[in-house]
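# Geometric and topological summary
Chain by chain, the residues run as shown.
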Amino acid sequence: MTAPRPPRQRPPHQSARPSGRPQPRPSGRPAARPAPRPARLRLATPRRRLRLLVVSLGVVLTLFVGRLVQLQFVDSSSLAAAATVSLYRTDPLPAPRGSITDADGRVLATTVDAYDITADPYMFTPSQAHIDDAPAQAAQLLSPIVGVPVATLTKALTSTGKGDRYALLAKQQSPQTWNQITALQTKLTKTAWSGHCLTENNLALKAGDDGRVDDACANVLNGVFHAQHAKRVYPDGSLAANVIGFVNSDGVGSGGLEQQYDALLKGKDGKVTYAQSGGREVPTAGQRETAAVPGSTLRLTLDRDIQWDAQQAITDEVQAAGAERGYVIVQDVSNGKILAMATSPGFDPNDLAQADPANLGNAALQDAYEPGSVSKLMTMAAVLQQGVATPLTHVTVPGTLPRADRVFHDDVAHGTEQLTLNGVLAQSSNIGTMLAAEHLGSTQKQADQVLYDYLTKFGIGQPTGLGFPGETQGILAQPSKWSGSQQYTIPFGQGLSVNALQTTSVYSTIANGGVRIAPSLVAGTTGPDGRFVPAAAPKETRVVSEQTAKTLSQMLQSVVASQEGTGVMAQIPGYLVAGKTGTANRVDPATGRYSGYTSSFIGFAPADKPRVTVSCVIQDPVNGHFGGELCGPVFKQVMEFALKTLQVAPTGAAAANLPVNW
């Protein structure tokens, strides 16, 4: 047993219980300081905290109110607009491009719906198509429809595993092509037969790895789609292509009349605005649409049939002559309308990828060349109108003629000849023309000025008025700048340059009784409202008197009708023909030097009651070079066809038979 612990004794200086009475200090020792009382906990004043909280809330509320004021009043308009942009989408509505027709309304250029055939390569993967060779099988089905090789289609349809979801299979396909594809898609057989699914053409689609075929087999063409576009189509291919021109891949006119009248043909695009959400239209939100204004239709003066014949004739002759190029123009002499303007070689605007860039223009208007003897008609017009000579005036023509710094001669060497002025034109004598032109003035300077004035009245060195893109106005220097040789070469057609329409217009002027009517190529336009607006009346200018024109016509008859003339190959049975041959030295555009020839023939018929002018020009022929030999037959073919097409009856009149010699 443990003994009880003695009670704990307190120190003698401490009392057992505190007392409020002070204790006596022990003698000889300083009094001890009483222990400090613990500090009392005092609560903070709540007013200060409340005040701080109220101020903080006030600042926050002030910021919120300020922001709300800004949103509701200051920025409300801009925010509303931004919200509208986010909510609404505006898509363009392309305007249908206007057509181009011939004089009778037959379509030469139009716009049709076209489709780009596209595909999603991912849908041709084994996991999606449920067969291993879906790209190859789809390619075999599509190739004969779209005209693209199987290998090319297979490659396009094969996924690279890089997330590719788009492939272009064929561009600008017709609606009929897409209809064939959709028909094939719906006709793919989905009935299991002997462990295979069969297509309409018995192409087997492989079964799954387990040898089982689902009730509904995968359609191997499910991943083929289309995108609709507008496509410019030229129904007659290359016919009049050098006149009509073409559009680029964006549908913008980039050549010929397509370029010149692009603003008129393309119309005005519209737009449609609709609500969207998540990239999809909200059907209940309605839409706002501004309709597109279709382009106007352009009616030309061309006659499609005459154009076709002219194009065939010049193409055949260019090939036969081994020439660089050639052109034929047919013009109605009574109103200046161009009935045909054919160029060879040409191009097919439906297939620009295969076209030679050098052939995309209109050489009949863009080539500047020296006309040669066909220009002598203007010199004779000046001589007759000035009263210097008559068709029967005697002209002694030597074999050579020294002038300026050279000696001139005719194309065919000869001794001295006794020709009438009519004979000079009929035999196309350069020397005889030079001698006649020298009498236009008392000095050579005056003679040059008179000739220049007549040339400009005929439209030489001036724009034709068509405004055709790239058209040349030729080259005709001021007479003060004519060199010593030019003073004598310009009268017979060398030393100046023209385009084919300018010289055609010269002969139409004589055929029209001496009045030049500015050529026209556009008959008028038909607007979106269906109303036809004819083109403005062409400008008319009297160049020579009616009597002078009649006399010149009789002289031109001798060129064709007389056996001594150079244009006998242009004769047309039953019709009286007036015309002139031309054989000029040709300036090579690449070197700037004379090389080869320009061969031509221009004439009109019936000569006693003119209706049509036809011109033929062939550049740099190899097989022959005389104008009558190469262009005479072309003129005959085209003129005969034009007269029959226009139902111009033969007059049966006889040629004037003016004397050639004296």
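Below is a short write-up of the structure. Model, not experiment: these values are computed from the prediction.

Before going further, it helps to examine the state of the cysteines. Under the counting rule described, the total for this entry stands at one disulfide. A sulfur-sulfur distance of 2.3 Å marks the disulfide that ties Cys616 to Cys631. On the sign convention where negative means left-handed, the S-S torsion of about -65 degrees between Cys616 and Cys631 marks this disulfide as left-handed. Placement of Cys616 in strand β27 (residues 612–619) and of Cys631 in helix α19 (residues 627–645) is noted, with a sequence separation of 15 residues between them.

So, on to the packing of aromatic side chains. The final tally for this structure, using the stated rule, is five aromatic pairs. On the basis of an interplanar angle of 40 degrees and a centroid distance of 6.3 Å, the ring pair of Tyr327 and Tyr369 is categorised as tilted. Note that Tyr327 is positioned in strand β15 (residues 325–332) and Tyr369 in the loop between α11 (363–366) and α12 (376–385), a separation of 42 residues in sequence. Since its relative accessible area comes to 1%, Tyr327 is described here as buried. Taking the centre distance of 6.3 Å and the plane angle of 75 degrees together, the rings of Phe408 and Phe492 count as edge-to-face.

Here Ser159 lies in the loop between α5 (150–157) and β4 (167–173). On a C-alpha basis, the gap between Ser159 and Pro121 in space is 4.9 Å, while along the polypeptide they are 38 residues apart. When sequence neighbours within four positions are dropped, the list of residues in contact with Ser159 reads Pro121, Tyr122, Thr125 and Asp164.

Of note, Gln502 is situated in helix α17 (residues 500–511). Exposure remark for Gln502: the relative accessible area of 3% places this residue in the buried category. A distance of 3.5 Å separates the side chain of Gln502 from the backbone oxygen of Gly459, its partner in a polar contact. Discounting residues that sit within four places of it in the chain, Gln502 has contacts with Gly459, Ile460, Gly461, Gln462, Thr464, Gln473, Gly474 and Ser497.

The next point concerns α19. The terminal C-alpha atoms of α19 lie 26 Å apart, and with 19 residues this matches the ideal 27 Å at 1.5 Å per residue to within 8%. Within α19 the residues assigned to the buried category are Gly627, Gly628, Leu630, Cys631, Gly632, Val634, Phe635, Val638, Met639, Ala642 and Leu643. Of the residues flanking the end of α19, it is Gln647, one or two places downstream, whose phi is positive at about 60 degrees.

What follows is about the pattern of salt bridges. Taken as a whole and judged by the stated rule, the model has 17 salt bridges. Across the pair Arg232 and Glu258 runs a salt bridge whose closest N-O atoms are separated by 2.9 Å. Here the residue Arg232 occupies a position in strand β8 (residues 224–233), and Glu258 occupies one in helix α8 (residues 256–260), the gap between them amounting to 26 residues. Residue class for Arg232 comes out buried when judged on its relative accessible area of 10%. The partner of Arg586 in a salt bridge is Glu324, with the nearest N and O atoms 3.0 Å apart. Taken together, the residues Arg586 in strand β25 (residues 578–587) and Glu324 in the loop between α10 (304–321) and β15 connect sequence positions 262 residues apart. Taking relative accessible area as the criterion, Glu324 reaches 40% and is therefore assigned partly exposed. One network of salt bridges, in which partners are shared, links Asp102, Asp104, Arg106, Asp303 and Asp305.

What counts, and where the lines are drawn
Residues numbered from 1 in each chain as written. Predicted model: local features only at pLDDT ≥ 70, side-chain atom pairs only at ≥ 80, totals over all residues. Heavy atoms only, no water. Disulfide = S-S within 2.5 Å. Helix = DSSP H or I, 4+ residues; strand = E, 2+ residues; numbered from the N terminus. Phe/Tyr/Trp six-rings, centres within 6.5 Å; stacked < 30°, edge-to-face > 60°. Buried < 20%, exposed > 50% of the residue type's maximum accessible area, 1.4 Å probe, protein only. Contact = heavy atoms within 4.5 Å. Polar contact = N/O pair within 3.5 Å; in protein donor to acceptor, adjacent residues only side chain to side chain. Expected span 1.5 Å × (residues − 1). Salt bridge = Lys/Arg side-chain N within 4 Å of Asp/Glu carboxyl O.

No statement about biological role is implied by the geometric values presented.
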